Amino acid sequence: MSALVEQAIAANGDPDNSGVKSVNMIVITDGVPTDDPESVIVSIAKRVDKADAPPYQVGIQFF
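All values derive from a computational prediction rather than experimental measurement. (Residues numbered from 1 in each chain as written. Predicted model: local features only at pLDDT ≥ 70, side-chain atom pairs only at ≥ 80, totals over all residues. Heavy atoms only, no water.)

1. Observations regarding a nonpolar patch on the surface
Thought 1: A surface patch of nonpolar side chains, about 320 Å² in accessible area, is lined by Met25, Ile41, Ile60 and Phe62.
Thought 2: By the secondary structure assignment, Ile41 is in helix α2 (residues 37-50).
Thought 3: Here Ile41 falls in the partly exposed class, since its relative accessible area comes to 31%. (Patch = residues over 30% accessible without salt bridge, like charges linked within 9 Å, V, L, I, M, F, W, Y side chains within 5 Å. Areas by Shrake-Rupley, 256 points an atom, 1.4 Å probe, with all protein chains shown as cover. Salt bridge = Lys/Arg side-chain N within 4 Å of Asp/Glu carboxyl O. Helix = DSSP H or I, 4+ residues; strand = E, 2+ residues; numbered from the N terminus. Buried < 20%, exposed > 50% of the residue type's maximum accessible area, 1.4 Å probe, protein only.)

The structure is reproduced here in structure tokens:
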């Protein structure tokens with residue numbers, strides 16, 4: 001996902017008009033992670049931020 005956004009922004013130079021649809025992930029959980037979800041979320045957030053993508057490009061909701 002992030003690589004596609006990065007490439008689209010690099011190609012046209014306009015983060016608000018990259019042509020890539022936004023993604024909203026809904027995570028259904030029992031509240032007890034078996035891995036480290038924070039590091040994955042932070043990594044993706046940094047890549048999206050570095051690409052200067054709009055803040056609504058990626059959304060995550062936990063239920």
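Alright, that's what it looks like, and here's the rest.
2. A look at the environment of Ala51
Thought 1: Structurally, Ala51 can be placed in the loop between α2 and β2 (58-62).
Thought 2: You can call Ala51 buried: its relative accessible area is 14%.
Thought 3: In the structure, Ala51 is positioned 43 residues away from Ala8 in sequence and 9.7 Å away in space, judged by C-alpha atoms.
Thought 4: Those residues within four positions of Ala51 in sequence are excluded, and the remaining contacts are Glu6 and Ile9. (Contact = heavy atoms within 4.5 Å.)

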